[in-house]
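# Examination of the molecular architecture
The lines below spell out each chain.
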Amino acid sequence: MPQELTLTDQNFKDEIKQGITLVDFWAPWCGPCQQQGPIIEELAKEVENAKVGKLNVDNNQITAQEFGVMSIPTLIIFKDGNPIETLVGVHQKEDLKKKIQDIAK
Amino acid sequence: MPETKNLIIIGSGPAGYTAGIYASRAQLKPILFTGEEPGGQLTWTTEVENYPGFPEGVQGPKLMQEFRKQAEKFGTEIIDAKVDKVDFRVRPFKVWSADKEYQSRAIIIATGASANWIGLPNETRLKGHGVSSCATCDGFFFKDKDVVVVGGGDVALEDANFLTKVTKSVKIIHRRDCLRGSEFLQKRARENKKISFVWNSEVVDVLGEKKVSGVRVKNNQTNEESDIACDGMFVAIGHHPNTEIFKGQIELEDKAGYIVVHDDTRTTVEGVFAAGDVADFKYRQAVTAAGMGCEAAIDVEKWLENYEKVIAKEADKKNC
Ligand SMILES: Cc1cc2nc3c(=O)[nH]c(=O)nc-3n(C[C@H](O)[C@H](O)[C@H](O)COP(=O)(O)OP(=O)(O)OC[C@H]3O[C@@H](n4cnc5c(N)ncnc54)[C@H](O)[C@@H]3O)c2cc1C
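Calculation rules
Residues take numbers from 1 onward in each chain, read along the sequence in its written order. Here the convention is simple: chains get letters from A, ligands get numbers from 1, in the order in which they are written. The model is predicted, so local features are restricted to residues of pLDDT at least 70 and side-chain atom pairs to those at 80 or more, both for listing and for counting; the totals for chains, interfaces and linings are taken over all residues. To obtain the side-chain values, all non-hydrogen atoms of the structure were used and water was disregarded. Strands here mean DSSP runs of E at least two residues long; helices mean DSSP runs of H or I at least four residues long; both are numbered from the N terminus. Exposure classes here rest on a 1.4 Å probe applied to the protein chains alone. A residue is buried below 20% of its type maximum, exposed above 50%, and partly exposed in between. We define a polar contact as two N or O atoms separated by no more than 3.5 Å, with the added condition that, inside protein, one atom must be a possible hydrogen donor and the other a possible acceptor, whereas residues neighbouring each other in sequence contribute only through side-chain atom pairs. What makes two residues a contact is simply this: any of their non-hydrogen atoms within 4.5 Å. Note on terminology: near, applied to a residue and a molecule or strand, indicates that one of the residue's heavy atoms is within 4 Å of it. Residue exposure ignores everything except the shown protein chains as possible cover, and the areas themselves are Shrake-Rupley values with a 1.4 Å probe. For this scheme, ten residues count as nonpolar: Ala, Val, Leu, Ile, Met, Phe, Trp, Tyr, Cys and Pro. Four count as charged, namely Asp, Glu, Lys and Arg, and the remainder, Gly too, count as polar. Summed over both partners, the accessible area lost on bringing two parts together, with a 1.4 Å probe, is the buried area. Salt bridges are defined as contacts in which a side-chain nitrogen from Lys or Arg sits within 4 Å of a carboxyl oxygen from Asp or Glu. Take the buried residues of types Ala, Val, Leu, Ile, Met, Phe, Trp, Tyr and Cys, join any two whose side-chain atoms come within 4.5 Å, and each joined set is a nonpolar core. Strand pairing is assigned whenever DSSP detects at least two bridges linking the two strands. Only the stretch in contact is used when a helix axis is fitted, and all axes are lines through C-alpha atoms; the angle between N-to-C directions ranges over 0 to 180 degrees. What pLDDT conveys is the predictor's confidence in a given residue, as a value from 0 to 100. Ring pairs shown here join Phe, Tyr and Trp side chains whose ring centres sit within 6.5 Å, with only the six-membered ring taken for Trp; geometry is labelled stacked below 30 degrees between planes, edge-to-face above 60, and tilted in between. A ring has a charge above it when a Lys NZ or an Arg CZ is no more than 6 Å from the ring centre and no more than 35 degrees off the ring normal. Looking down the strands as they point away from the viewer, one classifies a crossover as right-handed if the path from the first strand across the helix to the second runs clockwise. Any two cysteine sulfur atoms within 2.5 Å of one another count as a disulfide.

## A look at the side chain of S169 of chain B
Residue and element names in this part refer to chain B. Tracing the backbone through its elements, the reader meets S169 in strand β12 (residues 169-173). The exposure class assigned to S169 is buried, which follows from its relative accessible area of 19%. Among the polar contacts listed, one links the side chain of S169 to the side chain of D146, at a separation of 2.8 Å. Excluding anything up to four places from it in sequence, S169 contacts K145, D146, V147 and K194.

Listed below in structure tokens is the structure:
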């Protein structure tokens, strides 16, 4: 079963350049991120037409800055390397699946 | 027809999970809806220093995961969804979640409270782009920047103090000319060189195209408006109880909408009980919410013993 990717400043561009990727920008000290985390892990196992990844903003500030992340959790859905949708705050699994479906269409 | 449950618990903060622990140990086989914020308000904070049993402190999210495990261990059925609608005018009561209907003899409402926003269009637009209600989450993004904190209560002071660890400066914008709340926090804020105060002022607009560049404030004594340049605005102006879906079903207190309870945890509808911040505007602590969750579960257990009698009495009333 697919697992969520661990994204870093180094591998980010490569991992998101093709297809749809949902990225969870998070940090260990952020409470709401602890709610989002398990949802992202489940999502990664359940979606087939998209990759799902997590980026720890604490260690990867360049990427977080590049996409203007100023609040966590922030979820950004990329298509072929471009940010298509930015979601701020905790989001439920079904919600995210639907957003991914809409973008895949 | 959906199966009739003994007890549905709405909410997964300290009150809801504690009710789950007690009710499942009493063999009531409760279902618990977590809502959109599993674990409740404590998951927004880092260190909780006043929950008994943790002399070294405990992380809010961690504490709430343990609450959940304990409720699950004794058989509370946990559903990660929010309740959209209720009907307390029929017996058994009806509850809808994600288009599915559930029925239950008793209900415990433990939907807690949520942070208030000022209610400005540009505040909504710039959420996540400099506007935040979670200093511990987002302070990190404002390293060496200037920020404002809106509010004058304990949470505002805690937030301001926390933010000075990373930011260049923090201005506290408060609509009065004095602070209320904890003396200790007031003293700490006044002595902190990075903190200054903007008194008698209300934020009337948030400025910035793509991200916050400042706020417009109005002095409520002189009615003069001025702009304060800043990169972030943290809002800490109190909380409101989550009672929207119960309007018209049970009595809510006029001013802020807290659930009115009598005889400990009973609401104005027999069989519907309430616990925690949703019914308590006085203490608002994790340990008191947990305590009230326990009370509600014990009250439900007693009340269910007489369920048949209650139903018969109500039927009698309708017949005459
Ligand atoms: C930043 C912060 C720091 C704090 N620090 C401390 C501290 O150090 N010590 C302390 O004792 N207290 C602290 N508190 C207060 C404490 O968190 C609250 O008193 C306590 O969480 C109240 O518990 P509760 O169970 O009543 O509700 P909450 O914790 O508010 O939980 C409410 C629950 O109801 C759910 N819900 C809401 N609507 C619905 C719906 N329609 N359907 C289903 N579920 C729903 C939510 O998802 C949530 O799970 C703090 C609060 C905040 C915000």
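So that's the structure; there's more coming.
## As for the site of the ligand
Residues and elements named next belong to chain B. In the vicinity of the ligand, 32 residues are found, and the nearest of them are S12, T34, E37, Q41 and D277. In the model, a nitrogen atom of the ligand is placed 3.4 Å from a nitrogen or oxygen of the G35 main chain. Interatomic distance of 3.3 Å between a backbone N/O atom of A113 and an oxygen atom of the ligand. Within the complex, the protein chains bury 86% of what would otherwise be the 1000 Å² of accessible surface of the ligand. Here the shell around the ligand is composed, by residue class, of twelve nonpolar, 15 polar and five charged.

## Comments concerning the interface of chain A and chain B
The partner chain B presents 20 residues to the 16 residues of chain A that form the contact. Approximately 1500 Å² of surface area, both sides summed, lies buried where chain A meets chain B, with 63% of it carried by carbon and sulfur atoms. It is W29, Q35 and M70 of chain A that lose the most area in chain A upon contact with chain B, and together they represent 44% of the buried surface on that side. At the boundary of chain A and chain B, one finds zero salt bridges. For the side of chain A that touches chain B, the element with the most residues is helix α2 (residues 31-46) of chain A, which contributes four residues. Partitioning the side of chain A that touches chain B into residue classes produces eight nonpolar, seven polar and one charged.

## Regarding the nonpolar core
Residues and elements named next belong to chain B. The biggest cluster of nonpolar side chains holds 57 residues, and the ones touching the most others in it are F88, I107, I109 and I250. At nine residues, helix α7 (residues 286-305) tops the list of elements feeding residues into this core. Once you skip the residues sitting within four places of it in the chain, F88 turns out to touch F93, I107, I109, F246, Q249, I250, V269 and V272.

## Digging into the sheet that holds strand β5 (residues 82-88) of chain A
All names here are of chain A. Spatially, the five strands line up as an open sheet ordered β1-β3-β2-β4-β5, and their pairing is mixed. At either end of the open sheet lies a strand with only one pairing partner, and these are β1 (5-7) and β5. Taken pair by pair, the neighbouring strands of this sheet meet at an average axis angle of 25 degrees, ignoring direction. Sheet topology note: the strand β2 (residues 20-26)/strand β4 (residues 74-79) ladder contains six bridges and is antiparallel. From the neighbouring strand, L22 faces β4, where its bridge partner is I77. Sheet strands in contact with α2 are β2, β3 (51-56) and β4, and its direction is about 150 degrees off that of β3.

## A word on the confidence of the model for chain B
Low pLDDT marks regions whose predicted coordinates should not be analysed in detail. In this model, chain B carries an average pLDDT of 94, and 100% of its residues clear a pLDDT of 70 or more. In the predicted assembly, ipTM is 0.76 and pTM is 0.82.

## Topic: the environment of F234 of chain B
Residues and elements named next belong to chain B. As for its placement among the helices and strands, F234 is situated in strand β17 (residues 232-235). Separated by 83 residues in sequence, F234 and G151 place their C-alpha atoms 8.9 Å apart. F234 has contacts with S132, C134, A135, D138, G139, F142, V147, V148, V149, V150 and L163, leaving out every residue within four places of it along the chain.

## Let's talk about the packing of aromatic side chains
In this structure the tally under the stated criterion is 16 aromatic pairs over all chains. Cluster of aromatic residues (ring-pair linked, three or more members): F12, F25, F67 and F78 of chain A. Looking at K54 of chain A, its charged tip hangs above the ring of W26 of chain A, at a distance of 4.7 Å from the centre. Over the face of the ring belonging to F74 of chain B we find R25 of chain B, whose NZ or CZ atom lies 5.0 Å from the ring centre.

## Looking at the pairing of strand β1 (residues 4-10) of chain B
Within a regular strand, the side chains alternate between the two sheet faces. All names here are of chain B. Counting buried residues in β1 gives five out of seven residues, a clear majority hidden from the surface. Where β1 meets strand β8 (residues 100-109), six bridges bridge the pair, whose relative direction is parallel. The residue bridging K5 from the neighbouring strand is S104, located in β8. By the bridge criterion, three bridges tie β1 to strand β2 (residues 31-33) in an arrangement that is parallel. Within β2, the position partnered with I10 by the bridge is F33. Handedness of the β1-helix α1 (residues 14-25)-β2 crossover: right-handed.

## Re the state of the cysteines
The final tally for this structure, using the stated rule, is two disulfides over all chains. Covalent S-S linkage joins C30 of chain A and C33 of chain A, the inter-sulfur distance amounting to 2.3 Å. When the S-S torsion is 85 degrees, as for the bridge of C30 of chain A with C33 of chain A, the disulfide is right-handed. We note that C30 of chain A, like C33 of chain A, is buried. Two residues share a disulfide in this structure: C134 of chain B and C137 of chain B, whose sulfurs sit 2.2 Å from each other.

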